[in-house]
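# Chain and residue survey
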Amino acid sequence: MAGGSAAERAMIVGHGPSGSSARPRWHVPAITSGSDEVLVRPGEQIPADGAVIAGVSEVDTARLTGEPLPVPRGVGDDVQAGTVNGTGTLRVRVARGTGVPHGAGSELNGSL
């Protein structure tokens, strides 16, 4: 990810009660708790606490727990902000956000 930390930039793929959006968008910062889903690609830092709702990967939790080996994570597993995603792509439903509502930050081009 070029520029900014994961807490400042996150790919939000669904938000609000319907859980849908026209297309993935980058928000800086824009993660709220309970209603957002974020896409975490391989090597990216997980931007907020939440639960995996799709995908399988290993997560490096060394910064938080001191665990030297990545921990397997899949659907239903909790992940923590600040940990680093491994080789798979995870879709995470945010449990605890940044506290900044949608639209409070500037939007970036969502093209990938």
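Residues numbered from 1 in each chain as written. Predicted model: local features only at pLDDT ≥ 70, side-chain atom pairs only at ≥ 80, totals over all residues. Heavy atoms only, no water.

The subject of this paragraph is the confidence of the model for the chain. Per-chain confidence: the chain averages 74 in pLDDT, with 55% of residues scoring 70 or above. Per-residue pLDDT, averaged within each element of the chain, yields its smallest value for strand β10 (residues 106-108) (36) and its largest for strand β5 (residues 57-60) (98). In this model residues 1-7 is a low-confidence stretch, pLDDT under 50, and it forms eleven contacts with partners more than four residues away in sequence or in other chains. Note that residues 100-112 has pLDDT below 50 and, in this model, 31 contacts with residues that lie over four places away or in other chains. (pLDDT = per-residue confidence, 0-100. Helix = DSSP H or I, 4+ residues; strand = E, 2+ residues; numbered from the N terminus. Contact = heavy atoms within 4.5 Å.)

Bringing the pattern of salt bridges into the picture now. For the coordinates displayed, the defined rule picks out two salt bridges. The partner of Glu 37 in a salt bridge is Arg 91, and the shortest N-O contact between them spans 2.7 Å. Taken as a pair, Glu 37 in strand β3 (residues 37-40) and Arg 91 in strand β9 (residues 90-96) lie far apart in primary sequence, 54 residues in all. For Glu 37, the salt bridge identified is with Arg 93, shortest N-O distance 2.4 Å. Taken together, the residues span a long stretch of sequence, with Glu 37 in strand β3 and Arg 93 in strand β9 at a distance of 56 residues. Given the relative accessible area of 7%, Glu 37 is considered buried. Put simply, Glu 37, Arg 91 and Arg 93 are held in one network by salt bridges that share partners. (Salt bridge = Lys/Arg side-chain N within 4 Å of Asp/Glu carboxyl O. Buried < 20%, exposed > 50% of the residue type's maximum accessible area, 1.4 Å probe, protein only.)

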